[in-house]
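Spelled out, the chains give:
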Amino acid sequence: MQVSYHGHSIVKIKTNGTTILIDPFINGNGLTDLKVEEEKPDVILLTHGHNDHVGDTIELAKANNTLVVAPNELAVYLGKQGLNVHPMGIGGAYEFPFGKVKYTLAFHGSVYETESEVVNAGNPGGILFYAEGVTLYHAGDTALFGDMKLIGDRNSIDVAFLPIGDNFTMGPEDAAYAVELLKPKSVVPIHYNTFPVIKQDPTVFAELVKDSKVQILNAGEEVKF
């Protein structure tokens, strides 16, 4: 399995002959190394409906006949746009040919905005992904919450992707406490420095983390297992 980070909250996973993108916000993302026309994902996993997470999903999915897995209300909306979707709910899991996906709680909002409407995208979520004996946790956009301990107790997480940008999500201090609850082997900070309001120094977060390896990645760099 290859796992790489591509700025903001984008994570790319290559496993079982499948390329997966999580939250592919490419156009408008000054920190990413990706170009929409060069990406050919087989699967897109979405944590919630905000535009900086749905990003270029519609264009990518239409161009590549991509399967889009998303929280139910968001999936229903994207299905009406002609996409091939698989709706899921918080707490639900599904075994796909490429791996198992489970949605967790996330404490945030979730609307998708177009030029003409604001769409209720349902509940935001985090994603647990299991494949090749590896467990990944992408928290999406979230505040710190106590049930992260349940996620950590019930899963042996190899890599956790946690937002540290503050203002809209956890900041460095809360994210470091989340690491204590989740107990991942390693953690990658995400969702910071894309916009001035979420500017953070990730080394501050790294210094607060006690028992997990922190991997501060630039766009395009791979997670080390």
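See the structure printed just above.
The model shown is predicted, which means the values in this text are computed figures rather than measured ones. (Residues numbered from 1 in each chain as written. Predicted model: local features only at pLDDT ≥ 70, side-chain atom pairs only at ≥ 80, totals over all residues. Heavy atoms only, no water.)

Below, the discussion takes up unusual backbone geometry. With a phi close to 65 degrees, D166 is a non-glycine residue in the positive phi region. Tracing the backbone shows D166 in the loop between β13 (159-163) and α5 (172-182). On the basis of relative accessible area, D166 is assigned to the partly exposed category, the value being 35%. (Helix = DSSP H or I, 4+ residues; strand = E, 2+ residues; numbered from the N terminus. Buried < 20%, exposed > 50% of the residue type's maximum accessible area, 1.4 Å probe, protein only.)

Considering the arrangement of structural elements, one finds D56 in the loop between α1 (51-54) and α2 (57-64). Among buried charged residues, D56 stands out as having no salt bridge; its nearest opposite-charge side chain is K12, 13 Å away. At a separation of 2.9 Å, a polar atom in the side chain of D56 contacts the main-chain amide nitrogen of N27. Apart from residues lying up to four places away in sequence, D56 is in contact with P24, F25, I26, N27 and V36. (Lys, Arg positive; Asp, Glu negative; His and termini not counted. Salt bridge = Lys/Arg side-chain N within 4 Å of Asp/Glu carboxyl O. Polar contact = N/O pair within 3.5 Å; in protein donor to acceptor, adjacent residues only side chain to side chain. Contact = heavy atoms within 4.5 Å.)

What follows is about the environment of I151. Here I151 shows up in helix α4 (residues 148-154). In this structure I151 comes out as buried when scored by relative accessible area, which is 10%. When near neighbours in sequence (up to four residues on either side) are disregarded, I151 contacts T104, L128, Y137, F145, I157 and L182.

The next subject is the sheet that holds strand β6 (residues 84-88). Reading across the sheet, the six strands line up as β1-β2-β3-β4-β5-β6 and stay open at both edges, with mixed pairing between neighbours. If you trace the sheet from one side to the other, it starts and ends with β1 (2-5) and β6, each paired once. On average, adjacent strands in this sheet sit at an angle of 20 degrees to one another, irrespective of strand direction. Pairing geometry for strand β5 (residues 67-71) and β6, over five bridges, is parallel. Bridged to L67 within β6 is N84. Against the sheet, helix α3 (residues 72-80) makes contact with β5 and β6, and its axis sits at roughly 140 degrees relative to β5, the strand it touches most. (Pairing = 2+ DSSP bridges. Axes fitted to C-alpha atoms, helices over the stretch in contact; angles between N-to-C directions.)

This part covers the sheet that holds β13. Ordered in space as β7-β8-β11-β12-β13-β14-β15, the seven strands form an open sheet in which the pairing is mixed. If you trace the sheet from one side to the other, it starts and ends with β7 (93-96) and β15 (213-214), each paired once. The sheet contacts of α5 involve β12 (134-138), β13 and β14 (186-190), and relative to β13 the element is tilted by about 150 degrees.

Counting buried positions along β14 yields five of five residues, so the element is predominantly enclosed. Burial of β14 is two-sided: the residues S186, V188 and I190 facing one way and the residues V187 and P189 facing the other way are all buried. One ladder, built from five bridges, connects β13 with β14; its direction is parallel. Counted as the bridge partner of A160 is V187 from β14. In this fold, β13 hands off to α5, which returns the chain to β14; that crossover is right-handed. Where β14 lies against β15, two bridges are found, and the strand directions are parallel. Within β15, the residue paired with V187 across the bridge is V214. (Right-handed = clockwise from strand over helix to strand, strands pointing away.)

Counted by the stated rule, this structure contains six aromatic pairs. Their ring planes at 55 degrees and their centres at 5.7 Å tell us that Y77 and Y112 sit as a pair that is tilted. In this pair, Y77 is assigned in helix α3 and Y112 in strand β9 (residues 111-113), connecting sequence segments 35 residues apart. Across this residue pair, the class does not change: Y77 and Y112 are buried. Arranged with centres 5.1 Å apart and planes meeting at 50 degrees, the rings of F107 and F145 form a pair that is tilted. Here F107 is found in the loop between β8 (99-105) and β9, whereas its partner F145 is found in the loop between β12 and α4, with 38 residues between them in sequence. Note on F107: relative accessible area 47%, which makes it partly exposed. Judged by relative accessible area, F145 falls into the buried class, the value being 7%. (Phe/Tyr/Trp six-rings, centres within 6.5 Å; stacked < 30°, edge-to-face > 60°.)

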